[in-house]
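These are the residues of each chain, in order.
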Amino acid sequence: SAYHANLAMILETEGRAEDAANAARRALELAPTHAGAMASLANSLRAMDRHDEAVTWYEKAGQATPNDPAIWSNLGSTLDTLGRHDDAVEAFARALARAPGQAGLHSNMGSALKSAGRLAEGIAAHRESIRVDPGFVAGHTNLATALLEAGQTDEAPGILERVLALRPGDRKALALSAIAAGA
């Protein structure tokens, strides 16, 4: 089963989602509680846009290894894609409880909160992502986007200047800067 689980992860990184899913399924036939195979199967299903099935396997993997923040983060992202924003917030909260120092998790939480209609909380989560890692470009960009959506246009240009200092020519920051200039 370890062979097939490892093969699934390799195939997954090569972008061969269907082959990875088959290898993960074979691993699960041999070891039905193999959390790594469950997560690989979920990742592969998600890559094939089979999000509902992916959720089922992320949930099973989360039950098998409840302390793995990556499983909860991937579950949150998948739930957010499905429009289940409140469930996504809950999954990201589980991930953050296990890995509070990961800036990307805070930013993902911010995006899920924003999608759930909780924009002020989303802004706070994006601010936290930048506090955790001041060089985290996506955190700055997501914060600027949320501030513009909230009509808080005074702060966004300065944040976007920081993005461009960190990553000169960043297309998203340039586009957002044009929007902020017109706001």
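Residues numbered from 1 in each chain as written. Predicted model: local features only at pLDDT ≥ 70, side-chain atom pairs only at ≥ 80, totals over all residues. Heavy atoms only, no water.

Novice: Any details on the nonpolar core? Residues and values, ideally.
Specialist: Of all hydrophobic cores here, the largest spans 35 residues; its most connected members are L41, L75, L79 and M109. Only α1 (2–13), α2 (17–30), α3 (35–47), α4 (51–64), α5 (69–81), α6 (85–98) and α7 (103–115) provide two or more residues apiece to this core. Those residues in contact with L79, other than ones at most four positions away along the chain, are V55, R84, D87, A88 and A91. Counting 15 residues, the second largest nonpolar core, distinct from the first, contains I130, A156, I159 and L176. (Core = buried A, V, L, I, M, F, W, Y, C linked by side-chain atoms within 4.5 Å. Buried < 20%, exposed > 50% of the residue type's maximum accessible area, 1.4 Å probe, protein only. Helix = DSSP H or I, 4+ residues; strand = E, 2+ residues; numbered from the N terminus. Contact = heavy atoms within 4.5 Å.)

Novice: Just give me the short version of the pattern of salt bridges, but keep the residues and values in it.
Specialist: When charged atoms on two side chains of opposite charge get close, those side chains can pair. Under the criterion given, the structure shown has 11 salt bridges. Between E90 and R94 there is a salt bridge, with the nearest N and O atoms lying 3.9 Å from each other. Taken together, the residues span about one helical turn, with E90 and R94 both in helix α6 at a distance of four residues. Residue E90 is classed as partly exposed on the basis of its relative accessible area, which comes to 46%. By sharing partners, the salt bridges in this structure join E14, R16 and D19 into a single network. (Salt bridge = Lys/Arg side-chain N within 4 Å of Asp/Glu carboxyl O.)

Novice: Can you tell me about helix α8 (residues 119–132), naming the residues and giving the values?
Specialist: Helical periodicity: at 3.6 residues per turn, an α-helix aligns residues three or four positions apart in one direction. When the terminal C-alpha atoms of α8 are compared, their 20 Å separation across 14 residues agrees well with the 20 Å that a helix rising 1.5 Å per residue should span. Along α8, the residues classified as buried are G122, I123, A125, H126, S129 and I130. Projected onto a plane normal to the axis of α8, the buried residues spread over an arc of 160° and lie on a single side. Pointing more than 90 degrees away from the buried face of α8 are the exposed residues A120 and R131. Those residues of α8 that are buried lie in contact with α7 and α9 (137–149). (Expected span 1.5 Å × (residues − 1). Arc of directions from axis to C-beta.)

Novice: Tell me about the side chain of T145, and please be specific about residues and values.
Specialist: Tracing the backbone shows T145 in helix α9. Overall, T145 belongs to the buried group, its relative accessible area being 15%. Once you skip the residues sitting within four places of it in the chain, T145 turns out to touch K114, K172 and L176.

Novice: Give a detailed account of the packing of α9 against helix α11 (residues 171–182), specifying residues and quantitative values.
Specialist: Interhelical geometry of α9 versus α11 gives an angle of 25° and a closest axis separation of 11 Å. The orientation of α9 relative to α11 falls into the category roughly parallel. The two elements α9 and α11 meet at a crossing, and its hand is left-handed. Contact residues: α9 offers T141, N142, T145 and L148, while α11 offers K172, L176, I179 and A180. (Axes fitted to C-alpha atoms, helices over the stretch in contact; angles between N-to-C directions. Parallel < 35°, antiparallel > 145°, perpendicular 65-115°, else oblique. Left-handed = near helix turned anticlockwise from the far one by under 90°.)

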